[in-house]
Amino acid sequence: MILPIVIIGSGFAAYQLVKTLRRQDSQQAITVITANGGDDYAKPDLSHVFTKGQSAKDLIKMSADDFANTYGISLLRHSRVESIDATQKTLRCNGESIAYRQLILATGASAFVPPFQGDAVGRIITLNGLEDYAASQAELKEAKSVLVIGAGLIGTEIAMDLASADKRVILTDRAEALLPSLLPDFVSAQLYQSLGNQGVTIELGTQVESLRQAEESIAISMENGHDYRVDAVVCAVGLRPNIRLAAEAGLQTNRGIVVDRQLRTSDPHIFALGDCAEIDGKVLAFLQPILLSANALAKTLLGQASNVVLPPMMVKVKTPRLPMQLSGNTANADASWQVSASREGMTARAFDEEQQLIGFVVTGSHMKQGFALLRELPPTF
C-alpha cells in the first residue's frame, strides 16, 4: 500500500505545495485535512475588499471541490486533527486513524487579540482568513465608523482601505509610529500624513482600555483619556503560529514549529511550511518565502533533498495613497540613510557601518527602481 503525503491546512502554503507536487508527480497520493471550508483564495486580497465592494464569495478563486478534483487529492473539509503519533506515523482525525508517508504541518497562524475590559469584547473582528471575513462582512459593510487596533502592515492597509470606502476610521497602536518593524521614522511619518489627509484619526503610543456596548454602537475608552464611539472594531495586532499539534506530538517548537533548511522538524518524517514554520529563528509570513519554500519542499518530499534558499525579497505595502515597496533591513536604528525624492515619490537606501546596502524603501513612481536595488542586497539565507 502506497501511503499518502498528508498536509494539515488549506491556506496558501498548503495549496502551493499541492500545486508544486502535482507538477512533478501526478500519481503520488495526497490527502489534505482542513478545519475550514478549503476554498482556494488569495489572503492578501482581504486588505482591499472594502473599496472593491467584494464579498467573501467574490474572493474565491476555486471552490474546495473543484480544487480537489483539479489536483487529484483527497480533501477532508471541516475536519480537525486531534493528535499525531509520530512513532506510528499516524494521526487521529474525525475519530479515525490516518497513516502518512510524510506529514506536512501547514497549520498557519491565528490572530492575536489582547485582553480588553468591557462587555463589547465579543464584538472584536479579526480578518485573518476567508471565514473571518464571511462572518463579519455584513457588519463591516453597514458600519459607518470603525476602530482598527494595530498599526502594523495589515492594520494600516485595512485602515486606509476602510477610509477609502468612506468610513470614519480610528487607527491605534501602542507603538509610537506606523509600521515600526518595517519602516524608518521618516517614511512612517509620510504614511501618517497620508492617512491623516484621508481623515483617519491616528492614536499612537496608547492603547484601548475598554470596549463597552452602547446601544448598537461600541464605546471605546483609550488609555490616554480619549473616548470614541464606533460601529465596529477590527483587531490586527499580529499573528501567533499554530504550534499546538506539533508541541503535543513532541516536536521542537519555539515561536513557531522549528525546522531546518529542508523544512524538516525534529521528526524526520514531519515537515512544517508557511506561517507556522520557524527557520533560523524567523517566521517568514510573506508569500514569496512561502512560495520558494513550497518549491524546495516538493522536491524533498519526492526524493530530491533540497534546501530552501531565500534571495532578497520585496515586500509590497498595499497603501494606494502612498504605494511603496521595501526590502532588507529597513528598521535598523543604526542604519544610515541616503534619500532621493521628487514630487512623485522617494528612494531611500539604508547602509551599514561598512557602507554596504542593507535595505531600501521606494515609494510612488520610484518603485520601478526597486528590482534593481533588490539585486544589490545580500541573500536572506
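Just so it is clear, the model here is predicted, and its values are computed rather than measured.

### A word on the overall build of the protein
Turning to step 1, where the next piece is worked out: Within the protein, the regular secondary structure consists of nine helices and 27 strands.
Turning to step 2, where the next piece is worked out: Its C-alpha atoms give the protein a radius of gyration of 22 Å, near enough to 21 Å, the size a compact globule of 381 residues would have.
Turning to step 3, where the next piece is worked out: Based on the C-alpha atoms only, the size of the protein along its principal axes is roughly 65 × 60 × 35 Å.
Turning to step 4, where the next piece is worked out: For the protein, the residues scored as buried account for 51% of the 381 residues in total.
Turning to step 5, where the next piece is worked out: In the structure as shown, the protein presents an accessible area of about 17,800 Å², 47% of it carried by carbon and sulfur atoms.

### What to know about a nonpolar patch on the surface
Turning to step 1, where the next piece is worked out: Together, F12, L287 and L291 give the surface a local cluster of nonpolar side chains, amounting to about 220 Å² of exposed area.
Turning to step 2, where the next piece is worked out: Relative to the elements of secondary structure, L291 occurs in helix α8 (residues 287–301).

### Notes on the nonpolar core
Turning to step 1, where the next piece is worked out: Judged by nonpolar contacts, the single largest core of 53 residues is most densely connected at I7, L17, I84, L91, L103, I104 and L105.
Turning to step 2, where the next piece is worked out: Once you skip the residues sitting within four places of it in the chain, I84 turns out to touch I8, T90, L91, Y100, L103, L105, L245, A249 and I270.
Turning to step 3, where the next piece is worked out: One finds A159, L162, A163 and L322 within the second-largest nonpolar core, a separate group that totals 43 residues.

### Considering the state of the cysteines
Turning to step 1, where the next piece is worked out: All chains considered together, the criterion is met by zero disulfides.
Turning to step 2, where the next piece is worked out: With no disulfide partner, C93 has as its closest neighbouring cysteine sulfur the one in C276, 17 Å distant.

### So, the domain arrangement of the protein
Where interface size is given, it is often the accessible area lost as the parts come together that is meant.
Turning to step 1, where the next piece is worked out: The domain boundaries assigned to the protein delineate domain 1 (5–110 + 240–302), domain 2 (113–235) and domain 3 (323–376).
Turning to step 2, where the next piece is worked out: Averaged C-alpha coordinates put domain 2 and domain 3 at centres separated by 28 Å.
Turning to step 3, where the next piece is worked out: Across the contact, nine residues belong to domain 2 and nine residues belong to domain 3.
Turning to step 4, where the next piece is worked out: A buried area of about 690 Å², summed over both sides, lies between domain 2 and domain 3, and 79% of it is on carbon and sulfur atoms.
Turning to step 5, where the next piece is worked out: Among the residues of domain 2 in contact with domain 3, L182, F186 and V187 are the three that bury the most area, contributing 52% of the side total.
Turning to step 6, where the next piece is worked out: Remark: the boundary between domain 2 and domain 3 carries zero salt bridges.
Turning to step 7, where the next piece is worked out: Applying the counting rule to domain 2 against domain 3 returns one residue pair in polar contact (both at pLDDT 80 or more).
Turning to step 8, where the next piece is worked out: Across the side of domain 2 that touches domain 3, the residue classes tally to seven nonpolar, two polar and no charged.

Reading the values: rules and limits
- Residues numbered from 1 in each chain as written.
- Predicted model: local features only at pLDDT ≥ 70, side-chain atom pairs only at ≥ 80, totals over all residues.
- Heavy atoms only, no water.
- Helix = DSSP H or I, 4+ residues; strand = E, 2+ residues; numbered from the N terminus.
- Rg over C-alpha atoms; globule rule 2.2 N^0.38 Å.
- Buried < 20%, exposed > 50% of the residue type's maximum accessible area, 1.4 Å probe, protein only.
- Areas by Shrake-Rupley, 256 points an atom, 1.4 Å probe, with all protein chains shown as cover.
- Patch = residues over 30% accessible without salt bridge, like charges linked within 9 Å, V, L, I, M, F, W, Y side chains within 5 Å.
- Salt bridge = Lys/Arg side-chain N within 4 Å of Asp/Glu carboxyl O.
- Core = buried A, V, L, I, M, F, W, Y, C linked by side-chain atoms within 4.5 Å.
- Contact = heavy atoms within 4.5 Å.
- Disulfide = S-S within 2.5 Å.
- Domains from an automatic or database assignment.
- Buried area = accessible area lost by both parts, 1.4 Å probe.
- Polar contact = N/O pair within 3.5 Å; in protein donor to acceptor, adjacent residues only side chain to side chain.
- Nonpolar A, V, L, I, M, F, W, Y, C, P; charged D, E, K, R; others polar.

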